[in-house]
Amino acid sequence: LINKGAIDTPFTFIPSTSNVGHCFKFAPEKGILAPGEIQTIQISFSATVQGRLAEEFQISVAGSPKPAILRIKAVVTGPTLHFSVSELDFGDISFGFPYTKTCRLTNTSPVPLTFKLRMSDDGTQPAVSSFDQIRDDTDPSWRKGIHFYVEPREFTMNPSQGTILPQGHQDIEVTLCSNTVMEFYRPMLVDLEGIGKGVTSVTIMARCLVPELKIQPQILLFDNCHLKVPYQKKFLVVNSTKLPGCYGLIPQKHKEGAPVLYSSTKPCGIVQPYSIAEIPVTLEVQTLGRHNT
């Protein structure tokens, strides 16, 4: 603002009543200019709508019948942020096993963008992996399955938030550890700070299965045994599927006077696709007679 008059001039910016007028801030909004004095005005603009706009702001000048007019024009464009793929297809996955795929998020905007990733309906309680389950053979989920009071958080994004510079990119690792036997078809959404939620997305697809593991032989014959002498035999856990599987021997309930005691040095483990796990079993007979357990 320039005071070209011969006297001190108070000025005041008149607030705009238009839809986008509130997007503009002026500093200072008022003051007094001495003759010939120049006042620099800082204008801040934070757009809430896209498209072309033209705004007219009035500056009230004390003693002047007409206000001073400032016209502002702008073209507001949305963020140009996109994934390198339209979908992440994990294919068939095994229950309780983590699988990871990578995609790239690119910012072609002329400004930095601060993002946060989220699944459309992911839970809050972390999913349980088979690796964690097999370490605790007393876990009731071996017999009853995994139960949650809330939906498990089966997807993990790394990083899940950050800032991407103009013309920059960020590689995102998406890990799926499913605790639900189902088919997945869910969007991973991108929220942008100060701009909006779900501005872009990528679809994640998968089918969670439980591989069928088979036991060979199904009857383990120890034949004649001496009292309280340990005997060892082996049986096989066979995985003829393309997915890894998890097995666990249900612990024996040690009751007073149990006729047969058994144990294993490999009570739980992973059986890789198209492979066989050899499980040793040690048995010790506690009473005379014919027994099965």
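An unreviewed UniProt entry annotates the protein chain as HYDIN protein originating from Polioptila caerulea.

1. Digging into the UniProt feature "domain: HYDIN/VesB/CFA65-like Ig-like" (unreviewed entry) in the protein chain
Taken from the UniProt record, the annotation "domain: HYDIN/VesB/CFA65-like Ig-like" (unreviewed entry) applies to residues 2-74. Annotated as residues 2-74, this span is 0% helix and 49% strand, and its ends, taken at the C-alpha atoms, are 24 Å apart.

2. Re the sheet that holds strand β1 (residues 9-14)
Taken in spatial order, the 4 strands line up as β3-β1-β5-β6 in an open sheet, and their pairing is antiparallel. Strand pairing shows two members of the sheet lacking a second neighbour, β3 (30-33) and β6 (68-76), which therefore form its edges. Strand-to-strand twist across the sheet, computed as the mean angle between neighbouring axes with direction ignored, equals 25 degrees.

3. Re the sheet that holds strand β21 (residues 260-263)
Across the sheet, 4 strands lie side by side as β18-β19-β23-β21; this open sheet has antiparallel pairing. The sheet terminates laterally at β18 (213-216) and β21, the two strands that pair on one side only. Along the sheet, successive strands turn relative to each other by an average axial angle of 30 degrees, direction set aside.

4. Description of the nonpolar core
Formed by 26 residues in total, the largest nonpolar core has its most connected members in Leu105, Leu117, Val174 and Met188. Where this core is concerned, the elements lending two or more residues are β7 (81-83), β8 (87-94), β9 (98-107), β10 (113-119), β13 (155-158), β15 (169-177), β16 (183-192) and β17 (196-209). Sequence-distant contacts of Met188, defined by excluding residues within four places in its chain, comprise Phe83, Cys103, Leu117, Arg118, Met119, Met157, Val174, Thr200, Ser201, Val202 and Ile204. One finds Phe11, Cys23, Ile72 and Val76 within the second-largest nonpolar core, a separate group that totals 12 residues.

5. A few points about the pattern of salt bridges
For the structure on display, the rule yields 7 salt bridges. Between Arg71 and Glu56 there is a salt bridge, and its shortest N-O distance comes to 3.0 Å. Of this pair, Arg71 sits in strand β6 while Glu56 sits in strand β5 (residues 51-61), and the two are 15 residues apart along the sequence. Relative accessible area serves as the criterion here: at 61%, Arg71 is assigned to the exposed category. Between Arg207 and Asp92 there is a salt bridge whose closest N-O contact spans 2.8 Å. One end of the pair, Arg207, is in strand β17; the other, Asp92, is in strand β8, with 115 residues separating them in the sequence. Residue Asp92 is classed as partly exposed on the basis of its relative accessible area of 21%. One continuous salt-bridge network, built from bridges that share partners, spans Asp92, Arg207 and Lys242.

6. As for the side chain of Gln252
Take Gln252: it is sitting in the loop between β20 (245-248) and β21. Separated by 2.7 Å, the side chain of Gln252 and the backbone oxygen of Val260 make a polar contact. For Gln252, the side chain forms a polar contact with the main-chain nitrogen of Tyr262, separated by 2.9 Å. Non-local contacts of Gln252, meaning those with residues more than four positions away in its chain, are made with Val260, Leu261 and Tyr262.

7. A closer look at the packing of aromatic side chains
Across all of its chains, the model carries 5 aromatic pairs by this definition. Considering the side-chain rings of Phe24 and Phe45, the 4.4 Å spacing of their centres and the 10 degrees angle between planes classify their relative orientation as stacked. Of this pair, Phe24 sits in strand β2 (residues 24-27) while Phe45 sits in strand β4 (residues 42-45), placing them 21 residues apart in sequence. Judged by centre distance (5.8 Å) and plane angle (85 degrees), the ring pair of Phe155 and Phe184 falls under edge-to-face. Of this pair, Phe155 sits in strand β13 while Phe184 sits in strand β16, placing them 29 residues apart in sequence.

Rules and cut-offs
Residues numbered from 1 in each chain as written. Predicted model: local features only at pLDDT ≥ 70, side-chain atom pairs only at ≥ 80, totals over all residues. Heavy atoms only, no water. UniProt positions renumbered as here; feature names shortened; annotations may be inferred. Helix = DSSP H or I, 4+ residues; strand = E, 2+ residues; numbered from the N terminus. Pairing = 2+ DSSP bridges. Axes fitted to C-alpha atoms, helices over the stretch in contact; angles between N-to-C directions. Core = buried A, V, L, I, M, F, W, Y, C linked by side-chain atoms within 4.5 Å. Buried < 20%, exposed > 50% of the residue type's maximum accessible area, 1.4 Å probe, protein only. Contact = heavy atoms within 4.5 Å. Salt bridge = Lys/Arg side-chain N within 4 Å of Asp/Glu carboxyl O. Polar contact = N/O pair within 3.5 Å; in protein donor to acceptor, adjacent residues only side chain to side chain. Phe/Tyr/Trp six-rings, centres within 6.5 Å; stacked < 30°, edge-to-face > 60°.

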